[in-house]
Amino acid sequence: MSDIAWAAQLLRNGKLVAFPTETVYGLGADATRSEAVQKIFAAKGRPPTNPLIAHVANADIARRYCTVWPEEARRLAQRFWPGPLTIVLPKSPDIANEVSAGKSTVGLRVPNHPVALRLLEAFDGPVAAPSANRSNHVSPTTAVHVQQELGDRVDLILDGGPCDVGIESTVLDLSLPIPKILRPGGVTREHIEAIIGPVDLFSGAVSTTTAAASPGQHARHYSPATPAFRFGKHERAPVMSRSKTQRAAYMVFDSGNYPATVIIMPQEPSQYAHDLYARLRELDARKLDAIYIEMPPDEPKWLAVRDRLIRATEILPR
Ligand code: TXA
Ligand code: MG
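**Examining the packing of aromatic side chains**
Consideration 1: Summed over all chains, the structure comprises 6 aromatic pairs.
Consideration 2: Centroid distance Tyr-272 to Trp-302: 5.5 Å. Interplanar angle 90 degrees. Geometry classified as edge-to-face. Taken as a pair, Tyr-272 in helix α9 (residues 269–285) and Trp-302 in the loop between β14 (290–294) and α10 (303–312) lie far apart in primary sequence, 30 residues in all. Grouping residues by exposure puts Tyr-272 and Trp-302 together as buried.
Consideration 3: One aromatic cluster in this structure is built from Phe-229, Tyr-250 and Tyr-292.
Consideration 4: Directly above the ring of Phe-229 sits Arg-242, whose terminal nitrogen or CZ lies 4.9 Å from the centroid.

**Here we look at the domain arrangement of the protein chain**
Consideration 1: Each assigned domain of the protein chain is listed with its residue range as follows: domain 1 (3–201) and domain 2 (228–315).
Consideration 2: When each unit is reduced to the centre of its C-alpha atoms, the spacing between domain 1 and domain 2 is 28 Å.
Consideration 3: On the side of domain 2, 14 residues touch domain 1, which itself brings 20 residues to the contact.
Consideration 4: For the pair domain 1 and domain 2, the two sides together bury roughly 1,300 Å², of which 60% comes from carbon and sulfur.
Consideration 5: The largest share of the area that domain 1 buries against domain 2 comes from Val-138, Ile-167 and Pro-184, three residues that together contribute 40% of it.
Consideration 6: Measuring nitrogen to oxygen at the nearest pair gives 2.7 Å for the salt bridge that ties Arg-308 to Glu-168.
Consideration 7: Across the domain 1-domain 2 interface, the total number found is 6 residue pairs in polar contact (both at pLDDT 80 or more).

**Thoughts on the sheet that holds strand β5 (residues 105–109)**
Consideration 1: Read across the sheet, 10 strands follow the order β7-β1-β2-β6-β3-β5-β4-β8-β9-β10 without closing on themselves; strand pairing throughout is mixed. At either margin of the open sheet sits one strand with a lone partner, and together these are β7 (156–157) and β10 (200–201).
Consideration 2: Pairing of strand β4 (residues 85–90) with β5, which is carried by 4 bridges, proceeds in the antiparallel orientation. The residue of β5 that forms the bridge with Ile-87 is Leu-108.
Consideration 3: Sitting on the sheet, helix α4 (residues 71–80) is in contact with β4 and β8 (170–173), with an inclination near 160 degrees to β4.
Consideration 4: Against the sheet, helix α5 (residues 114–123) makes contact with β1 (17–19), β2 (26–30), β3 (53–55) and β6 (127–128), and its axis sits at roughly 140 degrees relative to β1, the strand it touches most.

**Things to note about helix α1 (residues 3–12)**
Consideration 1: All of the buried residues along α1 are Ile-4, Ala-7, Ala-8, Leu-10 and Leu-11. Across the axial projection of α1, the buried residues extend over an arc of 155 degrees, all falling on one side.
Consideration 2: Check the buried side of α1 and you find it contacts β1, β2, α5, β6 and β7.
Consideration 3: Phi turns positive one or two residues past the end of α1, at Gly-14, with a value near 80 degrees.

**Remarks on the nonpolar core**
Consideration 1: Formed by 65 residues in total, the largest nonpolar core has its most connected members in Leu-76, Trp-81, Leu-85, Val-99, Leu-158, Leu-172 and Ile-192.
Consideration 2: Ranked by residue count, the leading element in this core is α5, at 6 residues.
Consideration 3: Residues contacting Leu-76, with those up to four places away along its chain left out, are Trp-81, Leu-85, Ile-87, Leu-172, Leu-174, Ile-192, Ile-195 and Ile-196.
Consideration 4: Ala-228, Ile-263, Met-265 and Met-295 belong to the second largest nonpolar core, which has 26 residues in total.

**A few points about the environment of Glu-35**
Consideration 1: Among the structural elements, Glu-35 can be located in helix α2 (residues 34–44).
Consideration 2: Assessed through its relative accessible area of 43%, Glu-35 is described here as partly exposed.
Consideration 3: C-alpha of Glu-35 to C-alpha of Lys-15: the two residues are 20 residues apart in sequence and 9.6 Å apart in space.
Consideration 4: Of the polar contacts made by the side chain of Glu-35, one reaches the side chain of Arg-33; its length is 3.1 Å.

**Topic: the sheet that holds β14**
Each strand in a sheet pairs with its neighbour through backbone hydrogen bonds, running either in the same direction (parallel) or in the opposite one (antiparallel).
Consideration 1: Taken in spatial order, the 5 strands make up an open sheet running β13-β12-β14-β11-β15, and their pairing is parallel. The sheet terminates laterally at β13 (261–264) and β15 (314–315), the two strands that pair on one side only.
Consideration 2: With 4 bridges joining them, strand β12 (residues 248–252) and β14 adopt parallel strand pairing. Within β14, the residue paired with Ala-248 across the bridge is Ala-290.
Consideration 3: Packed onto the sheet, α9 meets β12, β13 and β14 and runs at close to 175 degrees relative to β12.

What counts as what
Residues numbered from 1 in each chain as written. Chains lettered and ligands numbered in written order. Predicted model: local features only at pLDDT ≥ 70, side-chain atom pairs only at ≥ 80, totals over all residues. Heavy atoms only, no water. Phe/Tyr/Trp six-rings, centres within 6.5 Å; stacked < 30°, edge-to-face > 60°. Helix = DSSP H or I, 4+ residues; strand = E, 2+ residues; numbered from the N terminus. Buried < 20%, exposed > 50% of the residue type's maximum accessible area, 1.4 Å probe, protein only. Lys NZ or Arg CZ within 6 Å of the ring centre and 35° of its normal. Domains from an automatic or database assignment. Contact = heavy atoms within 4.5 Å. Buried area = accessible area lost by both parts, 1.4 Å probe. Salt bridge = Lys/Arg side-chain N within 4 Å of Asp/Glu carboxyl O. Polar contact = N/O pair within 3.5 Å; in protein donor to acceptor, adjacent residues only side chain to side chain. Pairing = 2+ DSSP bridges. Axes fitted to C-alpha atoms, helices over the stretch in contact; angles between N-to-C directions. Arc of directions from axis to C-beta. Core = buried A, V, L, I, M, F, W, Y, C linked by side-chain atoms within 4.5 Å.

Below, the structure is given as C-alpha cells:
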C-alpha cells in the first residue's frame, strides 16, 4: 500500500494524519465524524470554541459541504484554488459540529500541495485540519516540526518537504452581507478585491502598538515559548539597552551593531513569511532570555506577516 493510500485508510478509521500543505502542515481527521474531530482538539490542546478548516480536493466537492455557493465563492475558487484562501460559508449538516465549533458556518479550502491533494482525492471527503502544532504555538512548516510538536499524538506524518508559503491561509467570511477577511494570509486583500470588489478587514491585528484580538482567538497566538518582543526602527536604542544584561537574539532587517545573535530577515513579504516560523523555532530552541523582532512597515503588503508578529510578540515594556 502507498503512503497516501495508508493515510487515507487511517482517516477512514477515525485516526489523525498530519500532512503538508503549501501554507503550513495540517493535523487532519475525517470532518464528517465527531469522534475523529474531537481527537484533533485533544492532540492540540485546542479550545473547543475555535473552529477548524475543512480541506477538500476541489471546488465541486467544497460545494457539497455548504448550503449556498454564491457567485463570489465560484469566482474566488476559480481564481485562487488550489491555494491559500479559506472561504467561510453556511455549513451542510454532513460537517461535524465540532469542526465549526458549534457555529452554523464552515471554512473550506483546497490546498495547493501535491501530497495534500493526493490524500484528499484518495480519502474522497472533507478533512478537518488545523495547523499541526500544540495550541497557540508556532505553526509547523516541516515534518520534523510536526514531530517535535505532536510526537505520538499523531498516527502518521506525511513528509512533503518545507512549506512554500510558510504562514496560514487567508480566511474570508462569505456568510456575511459584506465579505470580511477574518485572518490575513497568503492571498491578499488586494487579490480578493480584484475579483469580488470591496471586502471588510477584521481590524484587531493591524497596529504595532495595540494588542491583537480576533473572534475566537486569543491575542497571543503563533508564539514561541521564549519571551518575544516587537519593536519599531526608532526603538532600537531601548532594545539595545534592555538586552545588554540578557541572552537575547534579534530578527531585524539590516545588520547594525547588535550585542548578540542577529538574524537578518528578507525585505520581501512572501520571502519573510516563508522563513518566519522556522526562524522563530530556531531561536526558541536556544532557550534565550528574549527575542527582539523589528516590525516591517505598516503597509498592505506586510499585513499578514505583521498580524503573525503581533500575535507572536508583546510590546516592548517601557
Ligand atoms: O493555512 C491554513 O489555513 C492551515 C492549513 C493546515 O490549511 N490551517 C490553519 O488552521 O491555519 P487553524 O485551525 O490553525 O486556523 C483556522 C482559522 C482559525 O483562525 C479559525 O478561527 C478560522 O480559521 N475559522 C475556521 N472555520 C471558521 C468559521 N466557520 N468561521 C470563522 N472562522 C473560522
Ligand atoms: Mg493554527
